[in-house]
Amino acid sequence: MDFVIEGIDYTSLIQKALVLLFCVALSWKMIIYMCNMLNIEQDPIRVLITGAAGNIGYAIAPMIARGMMLGPDQPMILHLLGIEPTSRSLEALKMELQDSVFPLLKGVIATTNVVEACKDVNIAIMIGGYPRIPGMERKDVMSKNVVIYKAQASALENYASEDCKVLVVANPANTNALILKEFAPSIPEENITCLTRLDHNRALAQLADKLSVPVSSVKNVIVWGNHSSTQYPDTNHATVSTQAGDRPIKELVTDQNWLKNEFIAEVQQRGAAVLRARKQSSALSAASAACDHIRDWFLGTPKGTWVSMGVCSDGSYGIPPGLVYSFPVICEKGSWKIVQGLSIDEFSRKKMDDSARELAEEKGLANSCLNA
Amino acid sequence: MAKEPVRVLVTGAAGQIGYALVPMIARGIMLGADQPVILHMLDIPPAAEALNGVKMELIDAAFPLLKGVVATTDAVEGCTGVNVAVMVGGFPRKEGMERKDVMSKNVSIYKSQAAALEKHAAPNCKVLVVANPANTNALILKEFAPSIPEKNITCLTRLDHNRALGQVSERLSVPVSDVKNVIIWGNHSSTQYPDVNHATVKTSSGEKPVRELVKNDEWLNGEFISTVQQRGAAIIKARKLSSALSAASSACDHIRDWVVGTPEGTFVSMGVYSDGSYNVPSGLIYSFPVTCRNGEWTIVQGLPIDEVSRKKMDLTAEELKEEKDLAYSCLS
């Protein structure tokens, strides 16, 4: 049917108008879409914190939410896991996180359900564990934690994202990480690490204090081995940035005796010193070190700088494979790599072997708990 | 070229708000990612060992921006040269204590801190009072430190402001960063008035008033207000401890916006010395909507105030006047 009135073809006109309207609407939508693209925000990363109701959890949650772990542009969703008796505290933590209106924090899941907690997480910070109570035997602590980490291993393996990066903080950190690895065989072993960054940072701080320089000018200490009293803080390759460039610590700290004895003892016993002063164990510095560990892993270490991470040993530096051992590493594109070729003197060799031996013992103890 | 470090004092630093606050300051959340800081941590002698433990942890964290830590129980050493003072220390209310008793203890604390700040802080030191009763502690501080410009003495209501933003964003299921311009009027107490009449939400078709989107005046005039007012108590009930994380975070927001400036088109809530704006009696520390620029805050003027709001604003002013009288009676 044609609408033709007084020679003007209204049908054709209406058709043309509709086409024009359609084109304008489409262009407008495309313009809006392109404008939105410019403001495109990254997809949120899911970060799991176990033992989230404790002191380290309370310290680390706002650090993560402010971008200290993943960078100032990376939004995140926090998964907070705790055991049933802590569920109210978990709820309160969730409320406080909401009350802080962190722009990067896109959601909080507070739960005592391990499946819900592990679902699709890209990063897992394992702070939860059985603490050593005065009077407890080492075997008892070990056996409790072995059970916990075996269970968490399968939850992570089944529900976490494929690329999930794991950081074990709860002690015995190295052995808990080892158990996790053994019972989550489909998680790539390079994705399972433990925290020795706290010891690394403590070592940097002690050196900076000795030399009266800013801590940011000291780098490349190494913490070898177990996150325990057998850890070996090694200054042989550490440097200080001065006006005349980077100079070895050994040149500037002439007291070799201090470096080989007092310094090592200070770093090894620092945790106990903080506990004595505060009547509580380090939470602030542990949380901060955990952020540093993940941030450097994710975003890469600065050029010329390495850090310490507890990682699955590949036999480097004569350390038996099959242990989670702290090595010097550099990080790039989301992967860590052990720094190779560093010279190891006799003194260091002995200390590194002592710590490896302790780790082998812990591994034996853990396995016996599992078989019991 | 690195900036000169800014000295930041935190009183009551050995407590749990202090423990949450100091790493935030040391990471640049309070003053910016390129601003080095020197932390002054002050507490009372019984807390000296714990305070030293916090200093040890700050050192162990190897914060690049942290250029020094002074941990002391001496108010003079604590206040010397500080550019920012966050007053978290105060006498907490214990069970069975009368309001008058809490007030009288805090009044003497803030009178002596006023003298120390006045004599030893850097000129133009910015002061934020967190310890309750925050508004009245700030008022005492102002009265007994007359040479500190009155505009430099503020109290924290940003926590309530942030809580209000959080409640609105949860109600509307929008990101909290899309909600802005709520106002907290008055006292940081149960008479505070969270006002959404000028609050907006960012939508795909521009900024819309919160009232329009929530479509539930009953909730906005009732439950919403009481939830924000009582949020602190709700947290205590669940944690068995008062809010530290969120208090510390909002203290950082308060100082950061004050120093760096508020974003265009956004205002925030700060407890400031009243100049009579909005018919609020002058001579009180009262929470107002403010914008900040060049290190100074300015009360947002000309916002229409409806009858309901007027009543609530007057109620909280009255409570502040009573607190002021009580404080003065404790001093005499």
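Quick caveat, the model's predicted, so the values are computed rather than measured. (Residues numbered from 1 in each chain as written. Chains lettered and ligands numbered in written order. Predicted model: local features only at pLDDT ≥ 70, side-chain atom pairs only at ≥ 80, totals over all residues. Heavy atoms only, no water.)

What to know about the overall build of chain B
Heads up, the rule is: Each helix corresponds to a stretch of at least 4 residues labelled H or I by DSSP, and each strand to a stretch of at least 2 residues labelled E; elements are numbered beginning at the N terminus. With the radius of gyration taken over C-alpha atoms, the globule rule is written as 2.2 Å times the number of residues to the power 0.38. The classification of residues rests on relative accessible area computed with a 1.4 Å probe and restricted to protein chains. Under 20% of the type maximum is buried, over 50% is exposed, and intermediate values are partly exposed.
A tally of regular secondary structure across chain B gives 11 helices and 14 strands. Taken over the C-alpha trace, chain B has a radius of gyration of 19 Å; the compact-globule value for 332 residues is 20 Å, and the two agree within 12%. If one aligns the C-alpha atoms of chain B with their principal axes, the spans along those axes are about 55 × 50 × 40 Å. Taking all 332 residues of chain B together, the buried fraction comes to 58%.

As for the environment of D314(A)
Residue and element names in this part refer to chain A. The criterion, for reference: Note on definitions: a residue-residue contact is assigned when non-hydrogen atoms from the two residues lie within 4.5 Å. Polar contacts, as counted here, are pairs of nitrogen or oxygen atoms within 3.5 Å of one another; within protein the pair requires one atom able to donate a hydrogen and one able to accept it, and residues that are adjacent in sequence qualify only if both atoms are side-chain atoms.
Mapped onto the secondary structure, D314 falls in the loop between β14 (307-312) and β15 (324-332). Each C-alpha atom, one on D314 and one on V166, is 18 Å from the other, the two residues being 148 residues apart in sequence. When neighbours within four sequence positions are excluded, D314 is seen to be in contact with P321 and I338. One polar contact links D314 to S316, side chain to side chain, over a distance of 2.6 Å.

Notes on the sheet that holds strand β7 (residues 179-180) of chain B
All names here are of chain B. Put simply, the rule is: Paired strands, in this sense, are two strands between which DSSP finds at least two bridges.
If you trace the three strands from one edge of the open sheet to the other, you get β7-β10-β11, paired in antiparallel fashion. The open sheet has two free edges, formed respectively by β7 and β11 (206-209), since each of these has just one partner strand. Of the strand pairs in this sheet, strand β10 (residues 200-203) and β11 are connected by four bridges, and their pairing is antiparallel. Looking across to β11, one finds that V201 is bridged to K208.

Re the nonpolar core
Counted only if it meets this: Residues belong to one nonpolar core when they are buried, are Ala, Val, Leu, Ile, Met, Phe, Trp, Tyr or Cys, and are joined through side-chain atoms within 4.5 Å.
In terms of nonpolar packing, the biggest core is built from 160 residues, with I60(A), L97(A), I125(A), L21(B) and L58(B) touching the most fellow members. The contact partners of L21(B), leaving out residues within four places of it in the chain, are V10(B), M30(B), V86(B), V88(B), A248(B), A251(B) and C252(B). Of all hydrophobic cores here, the second largest spans 32 residues; its members include V146(A), A153(A), A155(A) and A177(A).

What about the UniProt feature "domain: Lactate/malate dehydrogenase C-terminal" (unreviewed entry) in chain B?
To keep it simple, the criterion reads: UniProt positions are given in the numbering used here, feature names are shortened, and annotations may be inferred rather than shown by experiment.
What UniProt calls "domain: Lactate/malate dehydrogenase C-terminal" (unreviewed entry) maps, in this numbering, to residues 157-326 of chain B. Secondary structure within residues 157-326 of chain B divides into 46% helix and 21% strand; the distance between the first and last C-alpha atoms comes to 21 Å.

Structural notes on the UniProt feature "domain: Lactate/malate dehydrogenase N-terminal" (unreviewed entry) in chain B
Per the UniProt record, "domain: Lactate/malate dehydrogenase N-terminal" (unreviewed entry) is found at residues 6-153 of chain B. Summarising residues 6-153 of chain B: 41% helix, 19% strand, and an end-to-end C-alpha distance of 18 Å.

A look at the pattern of salt bridges
The condition is simple: By convention in these notes, a salt bridge is any Lys or Arg side-chain nitrogen within 4 Å of a carboxyl oxygen on Asp or Glu.
Under the definition given, this model contains 33 salt bridges over all chains. Note that R163(B) and D99(A) form a salt bridge whose closest N and O atoms lie 3.4 Å from each other. A residue pair is termed interchain when its members come from two chains, as with R163(B) in helix α6 (residues 158-172) and D99(A) in helix α3 (residues 87-99). Linked by salt bridges that have partners in common, R66(A), R158(B), D253(B), R256(B) and D257(B) make up one network.

Examining a negative patch on the surface
Residues and elements named next belong to chain A. Defined as follows: By definition, no residue in a patch forms a salt bridge, and every one has over 30% relative accessible area; like charges are joined within 9 Å, nonpolar side chains (Val, Leu, Ile, Met, Phe, Trp, Tyr) within 5 Å. Per-residue and other accessible areas follow the Shrake-Rupley method at a 1.4 Å probe size, with only the shown protein chains counted as cover for residues. This count recognises Lys and Arg as positive and Asp and Glu as negative, with His and chain-terminal groups excluded. The atom standing in for a charge is NZ when the residue is Lys, CZ when it is Arg, CG when it is Asp and CD when it is Glu.
Taken together, the side chains of D209, D255, E262 and E266 present a region of like negative charge at the surface. By secondary structure assignment, the location of D209 is in helix α7 (residues 197-211). In this structure D209 comes out as exposed when scored by relative accessible area, which is 58%.

Quick notes on the interface of chain B and chain A
Where we set the bar: Joining two parts hides part of their accessible area as seen by a 1.4 Å probe, and the buried area is that hidden amount summed over both.
Between chain B and chain A, the residue contacts involve 45 residues of the former and 43 residues of the latter. Carbon and sulfur atoms make up 59% of the surface buried where chain B meets chain A, a total of about 3600 Å² over both sides. Per-residue buried area on chain B facing chain A is highest for R27(B), D60(B) and L245(B); these three make up 21% of the total on that side. Joining chain B to chain A, the criterion identifies nine salt bridges. In this structure, D60(B) engages R202(A) in a salt bridge whose closest nitrogen and oxygen atoms are separated by 3.4 Å. When residues of the side of chain B that touches chain A are traced back to their parent elements, those giving at least two are α1 (16-26), α2 (48-60), α6, α9 (223-239) and α10 (245-260) of chain B.

Quick word on the packing of aromatic side chains
Selection criterion: Centre distance within 6.5 Å is the pairing criterion for rings of Phe, Tyr and Trp, where only the six-membered ring of Trp is used; planes under 30 degrees apart are then read as stacked, over 60 as edge-to-face, and the remainder as tilted. Look at NZ for Lys and CZ for Arg. If either is within 6 Å of the ring centre and within 35 degrees of the ring normal, a charge sits over the ring.
For the structure on display, the rule yields nine aromatic pairs over all chains. With a centroid separation of 6.1 Å and 75 degrees between ring planes, the pair formed by W185(B) and F288(B) is classed as edge-to-face. On the criterion of sequence distance, the pair formed by W185(B) in strand β8 (residues 183-185) and F288(B) in strand β13 (residues 285-293) is long-range, its members being 103 residues apart. Side by side, W185(B) and F288(B) carry an identical accessibility label, which is buried. Judged by centre distance (5.1 Å) and plane angle (50 degrees), the ring pair of Y286(B) and F288(B) falls under tilted. Judged by its relative accessible area of 0%, Y286(B) is buried. Under the relative-accessibility criterion, F288(B) is labelled buried at 0%. Grouping aromatic residues by their ring pairs yields a cluster made of W224(A), Y317(A), Y325(A) and F327(A). Here K144(A) stacks its cationic end above the ring of Y130(A), 5.2 Å away from the centre of that ring.

Here we look at the sheet that holds strand β12 (residues 239-242) of chain A
All names here are of chain A. On the basis of which strands lie adjacent, the open sheet formed by three strands has the order β9-β12-β13 and antiparallel pairing. Looking at the sheet topology across the chains shown, the edges are occupied by β9 (218-219) and β13 (245-248). Direction of pairing for β9 relative to β12: antiparallel, over a ladder of two bridges. Bridge pairing in β12 links K219 to T239.

Some words on the environment of I338(A)
All names here are of chain A. Within the element layout of this structure, I338 appears in strand β16 (residues 335-338). Considered as a pair, I338 and T175 are 163 residues apart in the sequence and their alpha carbons are 20 Å apart. Once residues lying within four places of it in the same chain are set aside, the contact partners of I338 are V311, D314, S316, Y317, F327, P328 and V329.

Thoughts on the UniProt feature "domain: Lactate/malate dehydrogenase N-terminal" (unreviewed entry) in chain A
Within this numbering scheme, the UniProt entry marks residues 46-192 of chain A as carrying the feature "domain: Lactate/malate dehydrogenase N-terminal" (unreviewed entry). As annotated, residues 46-192 of chain A has a helix share of 42% and a strand share of 18%, and its two end C-alpha atoms lie 17 Å apart.

Observations regarding the UniProt feature "transmembrane region" (unreviewed entry) in chain A
UniProt records the feature "transmembrane region" (unreviewed entry) at residues 17-35 and 47-65 of chain A, using the numbering of this structure. With 58% helix and 21% strand, residues 47-65 of chain A has end C-alpha atoms that lie 10 Å from one another.

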